[in-house]
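Remarks on the overall topology
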Amino acid sequence: MALYLSKYGKILPHLQRKKGFLGLISRSPWSSRFRQNGAALSDSSRTSHAVLCEIPIVFTSRRFESVRADKELIPLQSASDPQALNFPGGIVKFTPELKFLSEYPEERMHCYRVLGENGEIVSSNFVQIDKDIALKMYKDMVTLQTMDTVFYEAQRQGRISFYVTAIGEEAVNIASAAALRMDDLVFPQYREAGVLLWRGFTIQEFADQCFGNKNDYGKGRQMPAHYGSSKHNYFTIASTVATQIPHAVGAAYSLKMDGQDACTITYFGDGGTSTGDFHAAMNFAAVMEAPVILFCRNNGWAISTPVDEQFRSDGIVVRGQAYGVRSIRVDGNDALAVFSAVHAAREMAISESKPVLIEALTYRAGHHTTSDDSSRYRPAEEIEWWRAAQDPVARFRKWLEGEGLWEAQSEAELRAYARNEVLRAIQVAERINKPSVEEVFTDVYDVPPPNLADQEISLGETIRRHQLDSSV
Amino acid sequence: MQVGEYQGAYKITKGLLKKYGPERVLDTPITEAGFAGIGVGAAYHGLKPVVEFMTMNFSMQAIDHIINSAAKSYYMSAGQIQVPIVFRGPNGAAAGVGAQHSQCFAAWYSAIPGLKVLVPYSSEDARGLLKAAIRDPDPVVFLENELLYGESFPVSAEALDSNFVIPIGKAKIERQGNDVTITAFSKMVGFALKAAETLAEEGISAEVINLRSIRPLDRATINDSVRKTSRLVTVEEGFPQHGVGAEICASVVEESFDYLDAPVERIAGTDVPTPYAANIERMAFPQVEDIVRAAKRTCGKSS
């Protein structure tokens, strides 16, 4: 070994004089990762509704400088540590052990939880929430649950053609939305109607989209549950899986260039992480240092594909480090944990200009959509257990009751009110006319070309000749 | 990729990194799907990205984002999402780059409502159309040509003005003629002009139209020309089936049928993946003689 090193020592100065491949080594000033414990979030005065409750954050900090071939070399070999080499990418120590990194950890990455199953606080590290915010969160969770139940039934009755429920994921939806600001841009997949609900989309607006009537902001052009609202900074849902993830990264880059005090958030499921778009987006987010929160709803199922047939890693959280993205695993059925995690992630994303990956472990208690019957591929007992024992709405209610903020009377009133509101919205939406047939032909050309104009005329004649009712 | 420090694979972006800095001229990791998606996301919120593909063949990796995330978004969101993005890169055959690097994508992209597709020929075309594309608030696919990068063209003083734009959707009549209309785009415009010279020596006066814009297609200029000449030859490098020529034929048959004195002739690339060896590669693409022969056929003259 000594012989080898001394020989190597003679070769290296010779190599150092040459430029070329070795000349591309970064001269970044860092030499090794360092950890900082106990650094509390800075500047909590920005958040008016949350008061910090001691969050020691363990994070690493790096500054990358871009590689420039014309800068001078730093020593390729450290004089004090001949057992390391400055490879492209940074100093790496050598080891004599032929040892492989295990494909799966001894213990799965721990999951951050604040509320126990009976609504009791089990953590001292979480963001305290204003009473008003907590109550709004609960009301919106109940409203979401009610809306999902009633719209699902409406689809079954043939009144709407399709629907997507978020049953079991109410905390993921509402708590994450509550931790954001209206300026933060939302890039959803399709199981995040609750985020839009939190932001002020009314039940009537939801119903109008599902019925595709002329009040729908999408002019009836999309399937039900494909909401979009630019005034709520909620980008229109598209059926393409995971395409929203690189979009969120690009938009985050745009926010960074503008120096905005805002981030983007994008949601996707466990299945979405298998796509090429997820990989590209994670990598780009890290390299471009984009202020984006990548929120994975790991609910165990991608239609009928269970997670053990989707990937073999310890879930999604471990992939963060693979891309150089900070990550955390949280209990997705725990509203306080989700709130704290998103709140912290948002601060980091904006102040440090970095992506953050959040994996929320939860369960898809409903079917994939109304086109699915999940009892065909999973046991009914499993669905029932999660629905009952891990209901995020019930857990949050228990905590609110423990805090003296909620009681049975309020519950009955809220449930009745929500149900009535949803039923009424459906009745109203059903009676409103569909968008006019003219809207088929708009929003592509500013001046319709002759072929399209001909088609519109021809369609008009067909409708007249056969006395078709084009408003239903 | 490589647009920054490398100054661009074909040096199109030379000097831009130095002028505008690394925040605006980005070298990206290698994934066309990734950087097209990032570009669309940036366009969704405020920026006007210009995404470069090293060749348009690689745009196939990103085609879902180009079509489904960019082109269709305005319609699908009923006007709530606008996408002011340009996707550009060299298109069609180069020389000796093989089947996977030689395809012409004009026909595929031009089928999509919500996209504009521009194909410059000369330097003035490239300057005026690219500026128009970047200023356009909607997605534009800008198909350049690797071999044309090396060709010089006369440039007028007007074209050097920083606000020089060419209107999208207008074709240019490069050479006036009376006997036959020849439509072409990109590199084939040069071939069509040479063919017109040869035809002139044989007493046939050919009108050469440089399409400049495949979507929207300038059907008015094409039909006006055919109504004048009564004969049409369409020329393109791409594959024949469902090609640009097919659409032009259909348009002329629909709108100017009574004016035609001869069946429309389509000249296109050979219906095979592009071979590599130089001699057979030449056989796979239209040559000037092919255009001359086709024009003579429409005039009832055998070659």
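Residues numbered from 1 in each chain as written. Chains lettered and ligands numbered in written order. Predicted model: local features only at pLDDT ≥ 70, side-chain atom pairs only at ≥ 80, totals over all residues. Heavy atoms only, no water.

Turning our attention to the overall build of chain B. Broken down by element type, chain B carries 11 helices and 10 strands. Computed over its C-alpha atoms, the radius of gyration of chain B comes to 20 Å, within 12% of the 19 Å expected for a compact globule of 303 residues. Reported as C-alpha extents along the three principal axes, the dimensions of chain B are approximately 60 × 45 × 40 Å. Taken across its 303 residues, chain B has 54% of its residues classed as buried. Put simply, 78% of the contacts in chain B that link residues at least 6 apart link residues at least 24 apart. Carbon and sulfur atoms form 53% of the exposed surface of chain B, whose accessible area is close to 13000 Å². Of the charged side chains in chain B, 29 are positive and 35 negative, and the gap between their average positions amounts to 3 Å. (Helix = DSSP H or I, 4+ residues; strand = E, 2+ residues; numbered from the N terminus. Rg over C-alpha atoms; globule rule 2.2 N^0.38 Å. Buried < 20%, exposed > 50% of the residue type's maximum accessible area, 1.4 Å probe, protein only. Contact = heavy atoms within 4.5 Å. Areas by Shrake-Rupley, 256 points an atom, 1.4 Å probe, with all protein chains shown as cover. Lys, Arg positive; Asp, Glu negative; His and termini not counted. Charge placed at Lys NZ, Arg CZ, Asp CG, Glu CD.)

All right, on to the overall build of chain A then. The number of helices and strands found in chain A is 13 helices and 13 strands. Burial status across chain A gives 49% buried among its 472 residues. Surface accessibility of chain A: about 23200 Å² in total, with carbon and sulfur atoms responsible for 53%.

With that out of the way, let us pick up the packing of aromatic side chains. Residues and elements named next belong to chain A. According to the stated counting rule, one finds 23 aromatic pairs over all chains in the structure shown. Centroid distance F87 to F94: 6.1 Å. Interplanar angle 75°. Geometry classified as edge-to-face. Overall, the relative accessible area of 35% leaves F87 in the partly exposed class. Ring centres 6.4 Å apart and planes at 85° place the aromatic pair F278 and Y323 in the edge-to-face group. One end of the pair, F278, is in helix α7 (residues 276–288); the other, Y323, is in helix α8 (residues 317–323), with 45 residues separating them in the sequence. Taken individually, F278 and Y323 each receive the classification buried, so the pair is uniform in this respect. (Phe/Tyr/Trp six-rings, centres within 6.5 Å; stacked < 30°, edge-to-face > 60°.)

Residues and elements named next belong to chain A. Within helix α11 (residues 392–402), eight of the 11 residues are buried, leaving the element largely enclosed by the surrounding structure. Three or more residues of α11 are buried, namely P392, V393, A394, R395, F396, R397, W399 and L400. Capping the start of α11, D391 holds a side-chain oxygen 3.1 Å from the backbone nitrogen of V393, two or three residues further along. Positioned one or two residues after α11, G404 has a phi angle of 75°, which is positive. (Polar contact = N/O pair within 3.5 Å; in protein donor to acceptor, adjacent residues only side chain to side chain.)

All names here are of chain A. Within the open sheet, the five strands sit side by side as β7-β8-β9-β13-β12. Their pairing is parallel. Of all the strands in the sheet, just β7 (185–187) and β12 (326–331) have a single pairing partner and so form its edges. Strand-to-strand twist in this sheet, taken as the mean axis angle between neighbours without regard to direction, amounts to 20°. As paired strands, strand β9 (residues 292–298) and strand β13 (residues 356–361) are joined by six bridges and run parallel to one another. By the bridge assignment for β13, L294 is matched with L357. Sitting on the sheet, helix α9 (residues 335–352) is in contact with β9, β12 and β13, with an inclination near 165° to β12. (Pairing = 2+ DSSP bridges. Axes fitted to C-alpha atoms, helices over the stretch in contact; angles between N-to-C directions.)

Glancing now at the environment of A:R397. Residues and elements named next belong to chain A. Looking at the element boundaries, R397 is found in helix α11. In the structure, R397 is positioned 10 residues away from E407 in sequence and 8.7 Å away in space, judged by C-alpha atoms. Sequence-distant contacts of R397, defined by excluding residues within four places in its chain, comprise Y138, W406, E411 and R415.

Right, let's talk about the side chain of A:S353 for a bit. Residue and element names in this part refer to chain A. Note that S353 resides in the loop between α9 and β13. A polar atom in the side chain of S353 sits 3.2 Å from the backbone oxygen of E289. Dropping the residues within four chain positions of it, S353 is found in contact with K256, E289, A290, P291 and M348.

Residue and element names in this part refer to chain B. Read across the sheet, five strands follow the order β1-β2-β4-β3-β8 without closing on themselves; strand pairing throughout is mixed. Both outer strands of the open sheet, β1 (50–52) and β8 (213–215), are each paired with one neighbouring strand and no more. Averaged over all pairs of adjacent strands, the angle between their axes in this sheet comes to 20°, without regard to strand direction. The sheet strands contacting helix α6 (residues 123–135) are β1, β2 (86–90), β3 (116–118) and β4 (140–144), and the helix crosses β4 at an angle near 160°.

This part is about the interface of chain A and chain B. With 37 residues of chain A at the contact, the number on the chain B side is 35 residues. Together chain A and chain B conceal approximately 3000 Å² of surface at their shared face, both sides included; 65% is due to carbon and sulfur atoms. Inspection of the chain A/chain B interface yields zero salt bridges. The interface formed by chain A and chain B contains 10 residue pairs in polar contact (both at pLDDT 80 or more). (Buried area = accessible area lost by both parts, 1.4 Å probe. Salt bridge = Lys/Arg side-chain N within 4 Å of Asp/Glu carboxyl O.)

Next up on the list: the packing of helix α2 (residues 32–44) of chain B against helix α3 (residues 63–71) of chain B. Residues and elements named next belong to chain B. Running from N to C, α2 and α3 cross one another at 15°; their axes reach a closest spacing of 9 Å. Classified by the angle their axes make, α2 and α3 are roughly parallel. Here α2 and α3 pass one another in a crossing that is right-handed. Of the residues in α3, those touching α2 at A33, A36, G37, V40 and Y44 are H65, S69 and A70. (Parallel < 35°, antiparallel > 145°, perpendicular 65-115°, else oblique. Left-handed = near helix turned anticlockwise from the far one by under 90°.)

Glancing now at unusual backbone geometry. In this structure, B:P216 follows B:R215 across a cis peptide bond, with omega equal to 0°. Along the polypeptide, B:P216 turns up in the loop between β8 and α8 (219–229). Even without being glycine, A:A242 reaches a positive phi, approximately 70°. Mapped onto the elements of the fold, A:A242 is located in the loop between α5 (203–211) and α6 (244–257). The exposure class assigned to A:A242 is buried, which follows from its relative accessible area of 0%. The backbone phi angle of B:S230 is positive, close to 70°, even though this residue is not glycine. With respect to the helices and strands, B:S230 occurs in the loop between α8 and β9 (232–235).

Take the environment of A:V195 next. Residues and elements named next belong to chain A. Tracing the backbone shows V195 in helix α4 (residues 193–199). Between the C-alpha atom of V195 and that of L255, which follows or precedes it by 60 residues, the distance is 20 Å. Setting aside residues no more than four positions away along its own chain, V195 makes contact with N173, S176, A177, V186, Y234 and Y267.

To continue, consider the confidence of the model for chain B. When pLDDT is averaged along chain B, the result is 94, and 97% of the positions lie at 70 or above. Predicted complex, confidence summary: ipTM 0.82, pTM 0.83. (pLDDT = per-residue confidence, 0-100.)

What follows covers the pattern of salt bridges. Residue and element names in this part refer to chain A. Enumeration over the complete set of coordinates arrives at 37 salt bridges over all chains. Put simply, R415 and E411 hold a salt bridge, and the shortest N to O gap is 2.9 Å. Of this pair, R415 and E411 both sit in helix α12 (residues 408–431), four residues apart, which is roughly one turn of the helix. The exposure class assigned to E411 is buried, which follows from its relative accessible area of 13%. What you see here is one network of salt bridges that share partners, running through R108, D314, R329 and E359.

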